[in-house]
Every structure is written in structure tokens, then in C-alpha cells.
Amino acid sequence: MSQSPPLLQVSSLSKRYGRLVALDAVDLEVACGSIHALMGENGAGKSTLIKCLTGAVRRDAGECRLAGEACDPASPRDAESLGISTVFQEINLIPHMSIAENITLGRESFRYGLIDRKQARQRAQGAIARLGLAIDVTREVGSCSIAVQQLVAIARALDVRAKLLILDEPTSSLDRAETSQLFEILRRLKTEGLGVLFVTHFLDQVYEVSDQVTVLRDGRHVATRATNQFPRLELVSAMLGRAIGPASSPERTDRPSRESTHAVGVSPVGSLSRVASITPTRSPSPGNTRELLSIRSVSRAGSIFHADLSIEPGQAVGLAGLLGSGRTELAKIVFGVDRSDAGSMSLDGAPYSPRSPREAIARGVALTPENRKAEGIVPNLSVRENIVLALQARRGVWRSLSARRRQQIAGELIAKLGIKAAGADVPISSLSGGNQQKALLARWLAADPRLLILDEPTRGIDVGAKQEIERLITSLVDRGMSVLFISSELAEVVRTSTRVTVMRDRRTVADLAGESLTERSVMEAIATHG
Ligand SMILES: Nc1ncnc2c1ncn2[C@@H]1O[C@H](COP(=O)(O)OP(=O)(O)OP(=O)(O)O)[C@@H](O)[C@H]1O
Ligand SMILES: [Mg+2]
């Protein structure tokens, strides 16, 4: 062959975890100056492939070549020195260090034998500015939102002179502007000859930025094609391993029909209530105002200036707004993580001012957090124990669930949500990112709350499961549960919610329902300066 070798060439890469075959003889090639999307359902093996490539885990068999040279890094740091820079799915930053230190860690320059902090700051500032951001780089990473953390991880990866840049779901927490900024940078790097391997669950982004797509399914390579010759429906069916009929296409944009709830195998209706052994019907108590949760003029120094919000029983209310607009902060107040300084809240007509999540849980409020790693999963516990955690907390220490009940509850939810795990007793950390997210959702469904707050519940979840979660929300609402749904994906918010409250600059600025609720009207409310 007279042609120069591909930038990255992976052949017959295999990896097992115990009996589970995570990768089965996978081949992949990434060319210089190209953006290659890697797609597949949750658990397909995308992150495992990246971990094997970068030495984060040892591969069992197979070969990797980088620019023709055998490439077998012992660790991600080692891979970095070979020219592979990676942003992992579970962002690996050191929370109590500053943004600048995180960006330059391991690559510091020294002055008189000491780390040159000024230079580190300037370098980090440059890396952040390249992403079009204005963030104080002396801030501690742990105090930043998950989106900012994601951007810091990207800035760190871009700070390296790399030949190959690997990004595992880098945009899962970013808003549109940040995503397009990132894409602009990727396109520029591409013209400089860099190769990019990019994992995402967002189809639009694949078509917007990638040149080639590779699809993995159940650890196997199923397709590699030029993106512009890979129609969406074919791509989705390659991922799911079945043809997509019009009735079940994950790309449908209409609201999931209520009658079709059972068709997707998620039928939380009767059985979930049975699971949680809590009375299935909640008739409004006499004298009930038609509000389940009411938030009036709530504020908290430094996090919320002014918030009004109301949710009726059996209603899904969306909370929309840009990152940093105060959505997560408001959710934390409702869940008792933070306390408000002013204003009032009521739940079911009674004053509500939880001093801790425990108190909120006891009142029937649940929250699936945005940051599953830091606030959600308990990595050393099994999938089962992670799932029953909230229900157990709600029942209190004196009414513990029997082992049989726990098994039954976890087993049912694993089946219903299609959580891919080798069993209920494997550690939750052995699940793929998207499956961990589903397990967290299962935790709160098991507790059968009256108000379920979902903060970016579909982050990192594949196309099929996203639609299932939307349908699940719809069916929970039909059963009388109230849902506060926070998502950056406007189409998703508009489809699932009957009302949408919009936040801007830490205030609630609009409340849209009925005719006036459209993706466009929400976007306008988010964007208007006033
Ligand atoms: N440390 C581990 N121990 C045991 N099994 C693991 C471990 N890490 C991953 N697996 C399993 O390997 C399979 C592939 O997981 P992987 O994380 O590569 O999926 P993924 O395609 O990245 O999915 P997602 O879209 O959810 O991130 C899954 O079945 C997962 O449960
Ligand atoms: Mg993954």
C-alpha cells in the first residue's frame, strides 16, 4: 500500500468482564483530519472500547496502532504522552483543586523548582477562552456545575498536543451554544489534521459534525459508514438491531401517546405501585387546593433571586432555561438540599420547608440528581441495594425490607426499565453510564413519590431508552404522580410537560401552557432579555 496508514487502527479488540463479553473482536479505523462518531445503545461497549484504547483498562486481545505504530498504553497518562487525549464519560477531575490546576495537572511548568502557578493560570485561561467561555480559573472545580466541569475536562484535553482526541459523551450536559462552540473547535482541529473519536447519543450532533459513524451493538462492530450516506432510520436500526416501524420510531417528535404506554414494555401503572406497596390511588384530600406543590417568591442568596412555581397533582411541569439559570438550584431547595431565605412553599396545602432530603423524602418528594457520580449512585453497593435505597429511607430504619422483597422490587424495575446488568447483585459501578442513570431512576420509582423531580434524567441515555423514559413519565403522571422535569432538550420538555416554567438569570420568567406552549415560545422566553 502506498497510502499512509490510518491515524488509528484497531483490530479484533476484545474485552471481557467475568462472563460478560463487553467487546468482541471489534475493528475500527479513524483517519487523520476526520471526526468519527461512535454510537450504540447503553451498554454496547463504547466506553469500554475507549478505556481499552487509552490503557484505562487492559484489553484481553487485539491490536491498536496509532499512525502505524503499535500502541499499547499502560494508563491514560501514558496514552496522553503517545498523543491520545481523552475526555472520559465519568469526568475525572479533582474537585478540591482549582480549574487551572485541573487543566494543567501533570503538565505543569516549573520555575525555580516550584510549579509556576501564574503560568498555569494563564495557560488555563487560554484553554478556557478557546472554548469561548468566561470562567474564573481559580475557582474550585467541585463548586462548579456539571456542565462547567465537562467544559473544564474538554479544555484539559485540548490543552495537550494530541494526534487523536477522544470524547466520550462530551456534550451530555452542554447547552446549544456551548455545543456549537465545541464543534467549531473540533472542525478547526480537524483541518489541522487531528483525528477525533466522538461518542454521543444525540443524532443531530452526529449529522452536524461527524464524517464517519461506527455503530456497536452488544460489544460487536455492526457498521461503519460515511455519515452523509447513513440515513437516520438505518443508523437507529443498526443501533437497536431491529427495523423501526413508524409507530415505534424513536425519532418521532409527537407526544408519546398515552394508549401506547404498554407497548414499550414499561407498564409502571399497576405493578409499580404494587412494587412499592403504597396505595395506588391517591384521591385528593378534602379541602385540597388543586395544587400539590406551590412555590411563592422563593429566594436564596447567591442561588435564586425569585421563583414562583406551581404543580398540580398528576401534572408534569417542565423547568426550562439555560445552564446556570437556576433550575438545579431551585430543585435543590424543593428537595431540602438547600434552604430558602425568603418566600414560602407548600405541599398538599400544608407549609413545606424541608431541612434535609430525608425530610423531603418523608413528605413524598424525590429527586434524581443531575450529577449521578457525586450525588447519586453508591458505587460499592449492588444494583439492587442502590435501587431500594430511597424506599428504605422512606420507610425508616425500623421497617426494613426483607431480602426477598428487595430482590423482587429490584428485579421488577430492572426488567421494566431494561437495565442491562449481569445481575441485581453486581456493583452498580460495573454498569455502563446510561444503565447507571436508569438504575437511579428505578430507585425513585421504587419509592413511589408524590412529587418526582427529574434533573436531566435522559443525560447519557440512548435513543430507545429516552423514548421509554418519556413514556414512563407520561404514565406516572396518568397515575397521579406529579413530575418536575428539568431538561436541556427543549423538544423533550415540551412533549412531556403540560406546563413549562422558564428560568432566566435565576428567576422564573415565564409560565407557558396550552396553546402558548411550543418549543419556540419556550426558546423565546429563555432568550428574551428583559
Ligand atoms: N468494570 C466493569 N465490570 C463489569 N462489567 C462492566 C464494567 N464496565 C463495563 N461493564 C459492562 O460492559 C458493557 C459495556 O459497557 P460500556 O460502559 O462500554 O457501555 P457504553 O456503550 O459506554 O454504554 P453507555 O451509553 O451507557 O455509556 C456493559 O454491559 C457493562 O455493564
Ligand atoms: Mg459509556
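Above this text sits the structure in question.
What counts as what
Residues numbered from 1 in each chain as written. Chains lettered and ligands numbered in written order. Predicted model: local features only at pLDDT ≥ 70, side-chain atom pairs only at ≥ 80, totals over all residues. Heavy atoms only, no water. Axes fitted to C-alpha atoms, helices over the stretch in contact; angles between N-to-C directions. Helix = DSSP H or I, 4+ residues; strand = E, 2+ residues; numbered from the N terminus. Parallel < 35°, antiparallel > 145°, perpendicular 65-115°, else oblique. Left-handed = near helix turned anticlockwise from the far one by under 90°. Contact = heavy atoms within 4.5 Å. Nonpolar A, V, L, I, M, F, W, Y, C, P; charged D, E, K, R; others polar. Pairing = 2+ DSSP bridges. Donors = N, O, S within 2.8 Å, 3.2 Å for Na, K, Ca; no water. Buried < 20%, exposed > 50% of the residue type's maximum accessible area, 1.4 Å probe, protein only. Near = heavy atom within 4 Å. Polar contact = N/O pair within 3.5 Å; in protein donor to acceptor, adjacent residues only side chain to side chain. Domains from an automatic or database assignment.

Engineer: It is not clear to me how the packing of helix α14 (residues 403-417) against helix α15 (residues 433-446) should be interpreted in this structure. Could you clarify?
Structural biologist: Helix packing for two helices is described by the angle between their axes and how far apart those axes are. Two elements in contact, α14 and α15, have axes whose closest approach is 10 Å; the angle formed by their N-to-C orientations is 125°. The angle between α14 and α15 falls in the class oblique. As α14 packs across α15, the resulting crossing turns out to be right-handed. Contacts between α14 and α15 involve Ile409, Leu413 and Leu417 on the former and, on the latter, Lys438, Ala442, Leu445 and Ala446. Of the residues assigned to the contact of α14 with α15, the class counts are six nonpolar, no polar and one charged.

Engineer: Explanation requested: the sheet that holds strand β4 (residues 61-66) in the structure shown.
Structural biologist: By definition, the strands of a sheet pair up through backbone hydrogen bonds, in either a parallel or an antiparallel sense. Ordered in space as β2-β1-β4-β5, the four strands form an open sheet in which the pairing is antiparallel. Each edge of the open sheet is held by one strand with a lone partner, namely β2 (20-30) and β5 (69-70). Both β4 and β5 contribute to a ladder of two bridges, which runs antiparallel. In the strand pairing of β5, Leu66 is matched with Glu69. Here helix α1 (residues 46-53) sits on the sheet in contact with β1 (8-17), β2 and β4, set at roughly 110° to β1.

Engineer: Would you mind showing me how to read the coordination of the magnesium ion (ligand 2) here?
Structural biologist: Geometry sets the ideal angles at a metal, namely 109.5 degrees for four tetrahedral donors and 90 or 180 degrees for six octahedral donors. The magnesium ion (ligand 2) binds to the protein through Ser47 (OG) and Gln89 (OE1), with metal-donor distances spanning 2.0 to 2.1 Å. With a gap of 42 residues between them, Ser47 in helix α1 and Gln89 in the loop between β6 (84-87) and α3 (99-104) connect regions that are remote in the sequence. A relative accessible area of 16% means that Ser47 is categorised as buried.

Engineer: Help me understand the site of ligand 1, please; the structure alone is not making it clear to me.
Structural biologist: Residues in contact with ligand 1 amount to 19 residues; listed here are only the nearest, Gly43, Lys46, Thr48, Ser432 and Gly434. Between ligand 1 and the protein, one listed contact pairs an oxygen atom with a backbone N or O atom of Gly43 at 2.8 Å. Taking His201, its side chain carries an N or O atom lying 3.0 Å from an oxygen atom of ligand 1. Counting only elements with at least two residues in the shell around ligand 1, the list comes to β2, α1 and α15. Ranked by residue count, the leading element in the shell around ligand 1 is α1, at three residues. Its residues assigned to classes, the shell around ligand 1 shows five nonpolar, 11 polar and three charged. Looking at which domains feed residues into the shell around ligand 1, each of domain 1 (8-247) and domain 3 (379-448) gives three or more.

Engineer: I tried to follow the sheet that holds strand β12 (residues 220-226) on my own but got confused; where do I start?
Structural biologist: Strands sit in the order β6-β9-β10-β3-β11-β12 across an open sheet of six strands; the sheet is mixed. The open sheet terminates on both sides in strands that have one partner only, identified here as β6 and β12. Sheet twist, expressed as the average angle between the axes of neighbouring strands with direction ignored, equals 15°. As paired strands, strand β3 (residues 35-39) and strand β11 (residues 212-217) are joined by four bridges and run parallel to one another. Bridge pairing in β11 places His36 opposite Gln212. Helix-sheet contacts for helix α8 (residues 232-240) involve β3, β11 and β12, and the interaxial angle to β11 is about 30°.

Engineer: I would appreciate a short explanation of helix α10 (residues 327-334) in the present structure.
Structural biologist: Each turn of an α-helix holds 3.6 residues, which means side chains three or four residues apart point in the same direction. With six of eight residues buried, α10 is to be regarded as a mostly interior element. Buried within α10 we find Arg327, Thr328, Leu330, Ala331, Ile333 and Val334. Once α10 ends, the next one or two residues include Gly336, with phi positive near 80°.

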